[in-house]
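Understanding the architecture of this molecule
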Amino acid sequence: MHNQPPTMITRFITEVVTKFNPFSARSRATRLFLSSLPPDARQTGITINNTVLPRTSTAPPLLLIKFKDGKEMKLDGEQLGIKGIVEEVDRHSRALQKQADLTD
Amino acid sequence: MPPRIHCSARSSVSRALQRTTSSQGLAAFLLQSSKNSSRHYASASSLLGSLRLPDNYIPPTQPPSARKPDQRKAQLLRSYTALLRSTPLILFFQHNNVTFVEWAAVRRELRAALAKVPAPIAGPDGRVPVDISESIELQVIRTRIFGIGLKIVEFFDADAHKGQSNAYTHDLSATAYETISKAPIDENSMYGQISPLLAGPLAVLTFPAVSPAHLAAVISTLAPSPPAFPAPSRKKNPGYHDPIAQSGLQKLILVGGRIDGKVFDQEGLRWVGGIEGGLDGLRSQLISMLQSAGLGLTTALEGQSKGLWLALEGRRTQLEEGSGGAKKEESEAAKEEKKEGETST
């Protein structure tokens, strides 16, 4: 399949807060992040909170991710792009995965 | 190797030719010419020159397409351009990994909400407008192909290329492709405004007619925002609060809409949904506003002179009362004087 959204490690995410203006091209990465969360995200305990800003709003898109170890990551979708966002989230998730493997 | 399909190409060609020429009545000529071929060479060749295969002729050695219609991009593009040209009201939703069961639940709730919209009443001429509740569909679209469809609808005008010879002007033609590749995309055009919306997985809700009542029902169900568009309560609609329906609805985000070629955001759509009485109600509101505006203008213009008249009238009555009192006093004083005069003399 072409153009699939990048798969992410989402086991360690507890909360996602987003705000974006869909009429701004800057919100593309934030929207793609929301679509890359798995279908059972809410059932496995991730709280997803989204606000759609009005068309005239010039506020930059907000993407706030909270992890199981309490870390809060605020990412700028405009600068990073969806690949950058996934990379950052995966980096932290892999560190948490290592910790979880060591403690088991 | 012999052909896999057991029918000769020649017989299928002749069958196809017969189909095209039978209406013209040349079949009789064909039969005659084939019998007397030695003498009628010239006429046969001229007849054959005017015979041609139909445009939809498919050689029998080509197998039918194995692709499903919704995976054939050309077919999808044509269906999207037809949709865009015929649908006045379109809502765009981002759908984030909604499962099949959740889609079924969402569509069920949508149907239930639309069934509750009051049916249209007969107009002044006795005809009842079509009830559009059954024709409102929520479909997932291929975003990129939809974007190309939007470009074609916006920037390609088939009539502008009529004069050109040998140029097909349908939506899949090379002419259309060249036109949209070269077209400058203005930010204020409809495509320029919608293009930021076309990111990620998208679903489209189509209305065959602009009906604020139905739009309000849809917004209350799929993108509720109290107090104007409240979600149905648990008592009135327990199916809405079913976990599968809820999780599906949470994954749908209303990002915008297109009404009659104009692009609206969530607030704009809520405004349109809040119009009372539909388009007829809007028209009657406009008429009453225009009439009262005329009245207000005349009142304002006359108001000054009216005010002056009222003030003067008031002063006159005041003066009359005052002078009447004064006259009374004078007459009384005159009477007293007379009396005094009389008594004195």
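Above this text is the structure in question.
Quick caveat: nothing in here was measured; it's all calculated off a predicted structure.

What follows concerns the overall build of chain B. The number of helices and strands found in chain B is 12 helices and 5 strands. With 345 residues in all, chain B has 33% of them scored as buried. When contacts within chain B are restricted to residue pairs at least 6 apart in sequence, long-range pairs at least 24 apart make up 76% of them.

Take the interface of chain B and chain A next. Frequently, the measure chosen for interface size is the accessible area removed from exposure when the parts meet. Facing the 25 residues of chain B at the interface are 22 residues of chain A. The largest share of the area that chain B buries against chain A comes from N97, P196 and D265 of chain B, three residues that together contribute 24% of it. Connecting chain B to chain A are 0 salt bridges. If you look at where chain B meets chain A, you find 11 residue pairs in polar contact (both at pLDDT 80 or more). Elements represented by at least two residues in the side of chain B that touches chain A include exactly α10 (243–250), β4 (252–259), β5 (262–264) and α11 (266–273) of chain B. Ranked by residues supplied to the side of chain B that touches chain A, first place goes to β4 of chain B with 4 residues. Residue composition of the side of chain B that touches chain A, by class: 10 nonpolar, 10 polar and 5 charged.

Residue and element names in this part refer to chain A. With mixed pairing, 4 strands are arranged side by side in an open sheet as β2-β1-β3-β4. The sheet is open, and its two borders are formed by β2 (47–52) and β4 (72–74), each paired with just one other strand. With direction set aside, neighbouring strand axes in the sheet form an average angle of 10°. Of the pairings in the sheet, the one linking strand β1 (residues 13–20) to β2 comprises 6 bridges and is parallel in character. Across the sheet, residue E15 finds its bridge partner in β2, namely T47. Contacts from helix α2 (residues 77–103) reach β1, β3 (62–67) and β4, with the element oriented near 10° to β3.

All names here are of chain B. Judged by how many residues are buried, strand β3 (residues 202–207) sits mostly within the fold: 6 of 6 residues are covered. Neither face of β3 is left uncovered, since the one carrying L202, V204 and T206 and the one carrying A203, L205 and F207 both have all their residues buried. Of the pairings in the sheet, the one linking strand β2 (residues 137–141) to β3 comprises 5 bridges and is antiparallel in character. Directly across from Q139, in β3, lies its bridge partner V204.

We now examine the sheet that holds β3 of chain B. All names here are of chain B. The antiparallel open sheet is built from 5 strands, whose spatial order is β2-β3-β1-β4-β5. Two strands lie at the open edges of the sheet, namely β2 and β5, each paired on one side alone. Adjacent strand axes in the sheet meet at a mean angle of 25°, parallel and antiparallel pairs treated alike. Pairing between strand β1 (residues 89–95) and β3: 6 bridges, direction antiparallel. What sits directly across from I90, in β3, is T206. In the packing of α11 onto the sheet, the strands contacted are β1, β4 and β5, and the crossing angle to β4 comes to about 65°.

Rules used throughout
Residues numbered from 1 in each chain as written. Chains lettered and ligands numbered in written order. Predicted model: local features only at pLDDT ≥ 70, side-chain atom pairs only at ≥ 80, totals over all residues. Heavy atoms only, no water. Helix = DSSP H or I, 4+ residues; strand = E, 2+ residues; numbered from the N terminus. Buried < 20%, exposed > 50% of the residue type's maximum accessible area, 1.4 Å probe, protein only. Contact = heavy atoms within 4.5 Å. Buried area = accessible area lost by both parts, 1.4 Å probe. Salt bridge = Lys/Arg side-chain N within 4 Å of Asp/Glu carboxyl O. Polar contact = N/O pair within 3.5 Å; in protein donor to acceptor, adjacent residues only side chain to side chain. Nonpolar A, V, L, I, M, F, W, Y, C, P; charged D, E, K, R; others polar. Pairing = 2+ DSSP bridges. Axes fitted to C-alpha atoms, helices over the stretch in contact; angles between N-to-C directions.

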